[in-house]
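Breakdown of the fold
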Amino acid sequence: MSAHPSAAIEKVVIIGSGPAGWTAAIYAARANLNPVCCIGVPRTDPSPVLPGGQLMLTTEVENYPGFPDGITGPEMMEKFQKQAERFGTRIVGEDIVKCDFSKRPFTVTTSSGAAIKAHSVILATGAVANWIGLPNEMRLARSGGGVSACAVCDGALPVFRDQVLAVVGGGDTAMEETSYLTKFARKVYVIHRRDEFRASKTMQQRVLGNPKVEVLWNKVVVDVLGEETISGLVLKDTRTGEQSQRAVKGLFIAIGHTPATKFLQGSGIALDDKGYVKMPVAHRSNTNIEGVFVAGDVADSVYRQAVTAAGMGCRAAIDAERFLAERGVH
Ligand code: NAP
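Residues numbered from 1 in each chain as written. Predicted model: local features only at pLDDT ≥ 70, side-chain atom pairs only at ≥ 80, totals over all residues. Heavy atoms only, no water.

**Quick word on the nonpolar core**
- By size, the foremost hydrophobic cluster in this structure holds 57 residues, and its most contacted members are Ile15, Trp22, Phe101, Val108, Val121, Ile122 and Leu123.
- With near-sequence residues (within four places) excluded, phenylalanine 101 lies in contact with Phe106, Val108, Val121, Leu123, Leu264, Ser267, Ile269, Ile289 and Val292.
- Of all hydrophobic cores here, the second largest spans 22 residues; its members include Ala129, Val164, Val221 and Leu251. (Core = buried A, V, L, I, M, F, W, Y, C linked by side-chain atoms within 4.5 Å. Buried < 20%, exposed > 50% of the residue type's maximum accessible area, 1.4 Å probe, protein only. Contact = heavy atoms within 4.5 Å.)

**Comments concerning the domain arrangement of the protein**
- Partitioning the protein into structural domains gives domain 1 (10–128 + 257–326) and domain 2 (131–253).
- For domain 1 and domain 2, the distance between their C-alpha centres works out to 30 Å. (Domains from an automatic or database assignment.)

**Description of the state of the cysteines**
- Using the criterion set out here, one finds 1 disulfide in the structure.
- Between the sulfur atoms of cysteine 150 and its disulfide mate cysteine 153 the distance is 2.0 Å. A torsion of 75° about the S-S bond marks the disulfide between cysteine 150 and cysteine 153 as right-handed.
- In this structure cysteine 153 comes out as partly exposed when scored by relative accessible area, which is 24%.
- Summary of cysteine pairing: cysteine 99 is not part of a disulfide, and the nearest cysteine sulfur, belonging to cysteine 38, is at 9.0 Å. (Disulfide = S-S within 2.5 Å.)

**With respect to the sheet that holds strand β14 (residues 219–225)**
- Spatially, the 3 strands line up as an open sheet ordered β14-β15-β16, and their pairing is antiparallel. Because the sheet does not close on itself, it has two edges, and the strands there are β14 and β16 (243–247). The mean angle between the axes of side-by-side strands here comes to 30°, regardless of whether they run parallel or antiparallel.
- Where β14 and strand β15 (residues 232–237) come together, 6 bridges link them in antiparallel fashion. For aspartate 223, the partnering residue across the bridge sits in β15 and is valine 234. (Pairing = 2+ DSSP bridges. Helix = DSSP H or I, 4+ residues; strand = E, 2+ residues; numbered from the N terminus. Axes fitted to C-alpha atoms, helices over the stretch in contact; angles between N-to-C directions.)

**Brief notes about the site of the ligand**
- Around the ligand sit 16 residues in total, of which Asp172, Thr173, Arg193, Arg194 and Arg198 are the nearest.
- In the model, an oxygen atom of the ligand is placed 2.9 Å from a nitrogen or oxygen of the glycine 170 main chain.
- With respect to the ligand, the side chain of glutamate 176 contributes an N or O atom lying 3.1 Å from a nitrogen atom.
- Computed on the free molecule, the ligand has an accessible area of 910 Å², of which 72% lies beneath the protein chains in the complex.
- For the shell around the ligand, the element with the highest residue contribution is helix α5 (residues 172–181), accounting for 3 residues. (Near = heavy atom within 4 Å. Polar contact = N/O pair within 3.5 Å; in protein donor to acceptor, adjacent residues only side chain to side chain. Areas by Shrake-Rupley, 256 points an atom, 1.4 Å probe, with all protein chains shown as cover.)

**Some remarks on the sheet that holds strand β10 (residues 147–148)**
- Spatial ordering of the open sheet is given by β10-β17-β11-β12-β13, a layout of 5 strands whose pairing is parallel. Of all strands in the sheet, those with a lone pairing partner are β10 and β13 (213–216), marking the two edges.
- Of the strand pairs in this sheet, β10 and strand β17 (residues 250–253) are connected by 2 bridges, and their pairing is parallel. When the sheet's bridge partners are listed, serine 148 is paired in β17 with phenylalanine 252.
- The sheet contacts of α5 involve β11 (164–168), β12 (187–191), β13 and β17, and relative to β11 the element is tilted by about 170°.

**Quick notes on the environment of cysteine 153**
- Examined against the element boundaries, cysteine 153 turns out to sit in helix α4 (residues 151–154).
- Separated by 92 residues in sequence, cysteine 153 and valine 61 place their C-alpha atoms 6.7 Å apart.
- For cysteine 153, the residues in contact, after removing those within four places along its chain, are Glu60, Asn63 and Gln305.

Take a look at the structure:
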C-alpha cells in the first residue's frame with residue numbers, strides 16, 4: 001500500500017473503500033481523473049472497521065445483481081478494488097483524520113500527517129453498524145456463525161430458513177428486519193431493553209400483529225452461545241436482573257448505525273442530527289461545499305445496501321467530473 005504518491009494537486013480524492021468508494025474510483029479512473037482512493041486502516045475497537053467496509057463482515061452476498069451464485073462480501077470488495085486499480089486508481093492505505101474545505105484546492109490530512117491537495121473530494125466512508133459488544137457476538141459475526149447486523153443482507157440465506165431467530169432493538173430497523181425475517185423463519189423473537197418500542201406505530205403494528213413474532217420486553221442479551229454457529233442466547237431482565245436462555249439459530253442486531261464522519265468535524269461539511277452528511281440538492285451527490293461530493297451509507301440511513309451505495313458512488317464521480325470540467329481541470 002503506497003503512501004500518497006506526489007505533492008501535485010489531485011483532481012479527485014476519494015475517501016472510503018466500500019462499494020461507494022470503489023465505484024466512484026472506477027468511474028473517476030475511466031474518466032481520466034487519475035483518482036486517489038484513501039482506504040483506511042483496519043481496527044477492531046469498539047466495532048470492527050476494515051478497508052472494504054461493512055461487506056468485509058458479511059458472508060454470502062446474494063442480492064447484488066450479476067452474481068447469480070452469490071459471492072462473499074470480502075471477495076466482492078476484492079473484485080471492486082481490482083477493477084478500480086485496473087483503470088489506474090492509486091491507493092493510500094491510511095485514514096484521513098482531518099479535512100480543510102475552506103478553500104480550493106482542498107487539503108485532506110492522513111494519519112501519518114501527509115497533506116493531500118485536491119480539486120475535488122468524494123466522501124464515501126460509510127456507516128458502522130452498532131454491536132452490543134459481547135465477545136461471542138463478535139466472534140460469531142466475523143466467522144459467519146449466524147450473527148449479523150443486516151437481516152436484509154443475510155436473512156434469506158438457507159441456514160436461517162424455518163429456524164427460530166432473534167432481532168435485538170426497538171427502532172424502525174428492528175421492526176423492518178423482523179417483518180423481513182418472518183418470511184423465511186419459523187419464529188422471530190424481538191428482544192428489546194424497554195417495555196415500549198421507539199419505532200413508528202405502523203411498523204410496530206406490523207410486527208406485533210404477526211403470529212410468528214414473540215416480543216421479549218425488558219430484556220438484554222448478555223451472552224451468545226455456540227461454537228461454530230449460534231445455538232442460543234443468555235438474556236437478562238432489565239428490571240429484575242433475572243437471567244434466562246433461548247435457543248436460536250440466528251441473531252440480528254438492529255440497534256442503529258454510526259456514520260463515519262468524525263474526521264469531518266470542523267471541516268464545514270453539514271451533518272444531520274445523527275451525524276450523516278446532508279445532501280442539499282435532490283438527485284445530486286453535492287454536499288453543502290462546492291467540489292465535495294458524497295456517496296453511500298455515510299449519507300444514507302435508509303437503504304444501506306451495497307448496490308445503492310455503488311449507484312451513489314457512480315453519481316458522485318460523474319458529478320465530480322462535471323464540476324472539474326466546468327472549471328477547466330482535465
Ligand atoms: P434507532 O431508531 O436509533 O433505534 C435503535 C434501537 O436499538 C432502539 O430501540 C434502542 O433502544 C436500541 N438500542 C440501542 N442501543 C442498544 C444496546 N446497546 N442494547 C440494546 N438495545 C439498544 O435506530 P434504527 O432503528 O436503525 O433507525 C435509525 C433511523 O432510520 C431512524 O430515524 C429510523 O426512523 C430510520 N429508519 C426508517 C425506516 C423506514 O421508515 N422504513 C427503516 C429503518 C430505519 P431504546 O429505544 O431503548 O433507545
